[in-house]
Amino acid sequence: MAEGQAAPRGLALQLVITYGYMFLWIGLSAAVIMINKYVLSMSGFPYPVALTCTHMLFCAVLAFSLVKLGFVEAVSISADTYLSCILPIGLLFAGTLWLGNAAYLYLSVSFIQMLKASMPMVVFIVGVLFSTEKFTMKAALNMLVVGTGIAIASYGEIHFVVVGVILQVGSIATESVRLTLVQILLQKRGIKMNPVSTLYHIAPCCFVFLFLPFIYIELPKMVADPNLHVNVPLLLASAACAFALNMSVFLLIGKTSALTMNVAGVIKDWLLILLSVVLYGSPVTRTQLGGYGLAFVGVMYYNYAKVEQMKQSAAAAQKAPEKQPLIAAEGGQSGKGSE
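Residues numbered from 1 in each chain as written. Predicted model: local features only at pLDDT ≥ 70, side-chain atom pairs only at ≥ 80, totals over all residues. Heavy atoms only, no water.

As recorded by an unreviewed UniProt entry, the chain carries the name Sugar phosphate transporter domain-containing protein and is attributed to Volvox africanus. The UniProt entry for the chain carries the following comment under Subcellular location (unreviewed entry): "Membrane". (UniProt positions renumbered as here; feature names shortened; annotations may be inferred.)

Right under this line is the structure:
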């Protein structure tokens, strides 16, 4: 009887922890975006490179401290791997953060979130170009639905600024290439890193890549800006939220499924659109909502198809070892011979 009661309690506790991690990630993700928008557009600090440098320096120092104090073990990486893998990924990550933060100077949070719905489409295109994704008409039609929805949402945007859209599209493109390179350069080499280890290796080089444009582009403007207002506590809060967000991603991935991650991402996007309207008064038209709704359906179907594909691959991988002894016993052949 006691065992029967313990099982539901254990399941309930597991659900509470899982959804706790999910809402923690949603909250931190929303906090980072809303704070960055406020810092860049409303607090008198319109310098995205400087803000991103602050984040990377904070993350690098904290990750270095956690590793050196023995709280987290960093993955050992050779000099060749660092130069051929980490540096290109760090450069792309720097570009993603720089361009993405710069877009907040021109566009509303709600419209940026709608544009971000195109991420699966761009990742698919980049994956096909790098041969990490297989082109199919079904997937192409799915991406066409997403692209059509984004186009409708863009058409309905009242404050459409070309420069802002170009910056956000550039951020999405660099992030898509980065994700593909992570798959090609790191995962295929069997290199797996937790968020602290990732920041330990990538944040320093990302900071260096950002520091150069900061010195030559933004620093002279900041020195000559009479209206510059540096709110140190706000900048540190933004950097701390960015670091905590990376930690919550690790917790969420470790405790939930890929489907839960995708559902959490959808909830976060809708929440940010709502917060943008309520807190910052961002106008959202019916045309935009209709276009985003269409893109949303396309993205959800894409996520569902990817999760089903992952399940099939995992099931095939589990069945393969069971079949190998049977083949060897019946035909005197190894598993390799049958492939």
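On we go from here.
**Regarding the overall build of the chain**
A count of helical and extended segments in the chain gives 12 helices and zero strands. Of the contacts made within the chain by residues no fewer than 6 positions apart, 88% connect residues no fewer than 24 positions apart. (Helix = DSSP H or I, 4+ residues; strand = E, 2+ residues; numbered from the N terminus. Contact = heavy atoms within 4.5 Å.)

**With respect to the nonpolar core**
Judged by nonpolar contacts, the single largest core of 65 residues is most densely connected at F45, L186 and L210. With eight residues, the next largest nonpolar core counts M22, I26, V32 and A264 among its residues. (Core = buried A, V, L, I, M, F, W, Y, C linked by side-chain atoms within 4.5 Å. Buried < 20%, exposed > 50% of the residue type's maximum accessible area, 1.4 Å probe, protein only.)

**Quick notes on the packing of helix α2 (residues 48-68) against helix α8 (residues 195-224)**
Here α2 crosses α8 at 150 degrees, and the two axes come no closer than 7 Å. Taken together, the axis directions place α2 and α8 in an arrangement best described as roughly antiparallel. Regarding α2 and α8, the two cross each other, and that crossing is left-handed. Looking at the contact of α2 with α8 residue by residue, the classes come out as 24 nonpolar, one polar and two charged. (Axes fitted to C-alpha atoms, helices over the stretch in contact; angles between N-to-C directions. Parallel < 35°, antiparallel > 145°, perpendicular 65-115°, else oblique. Left-handed = near helix turned anticlockwise from the far one by under 90°. Nonpolar A, V, L, I, M, F, W, Y, C, P; charged D, E, K, R; others polar.)

**Quick notes on the pattern of salt bridges**
One side chain can pair with another of opposite charge once the charged atoms of both are near each other. Summed over the entire model, instances satisfying the criterion amount to two salt bridges. Put simply, K268 and D269 hold a salt bridge, and the shortest N to O gap is 3.7 Å. We classify K268 as buried; its relative accessible area is 13%. (Salt bridge = Lys/Arg side-chain N within 4 Å of Asp/Glu carboxyl O.)

**Here's the deal with the confidence of the model for the chain**
Chain-level pLDDT for the chain is 82 on average; 86% of the residues reach the 70-or-more range. By mean pLDDT, the top-scoring element of the chain is α2 (93), and the lowest-scoring one is helix α12 (residues 335-338) (41). Segment residues 323-339: pLDDT under 50, and five contacts once partners within four positions in sequence are set aside and those in other chains are kept. (pLDDT = per-residue confidence, 0-100.)

**With respect to the state of the cysteines**
A covalent bond bridging the sulfur atoms of two cysteines is what the word disulfide describes. If you walk through the whole model with that rule in mind, you get zero disulfides. The closest cysteine sulfur to the non-disulfide-bonded C59 is located on C206, 9.4 Å from its own sulfur. C206 takes part in no disulfide bond, and the closest cysteine sulfur to it belongs to C205, at a distance of 6.4 Å. A relative accessible area of 0% means that C206 is categorised as buried. (Disulfide = S-S within 2.5 Å.)

**Re the side chain of E175**
Mapped onto the secondary structure, E175 falls in helix α7 (residues 162-186). Assessed through its relative accessible area of 14%, E175 is described here as buried. If sequence neighbours within four positions are ignored, E175 has contacts with T96 and M119.

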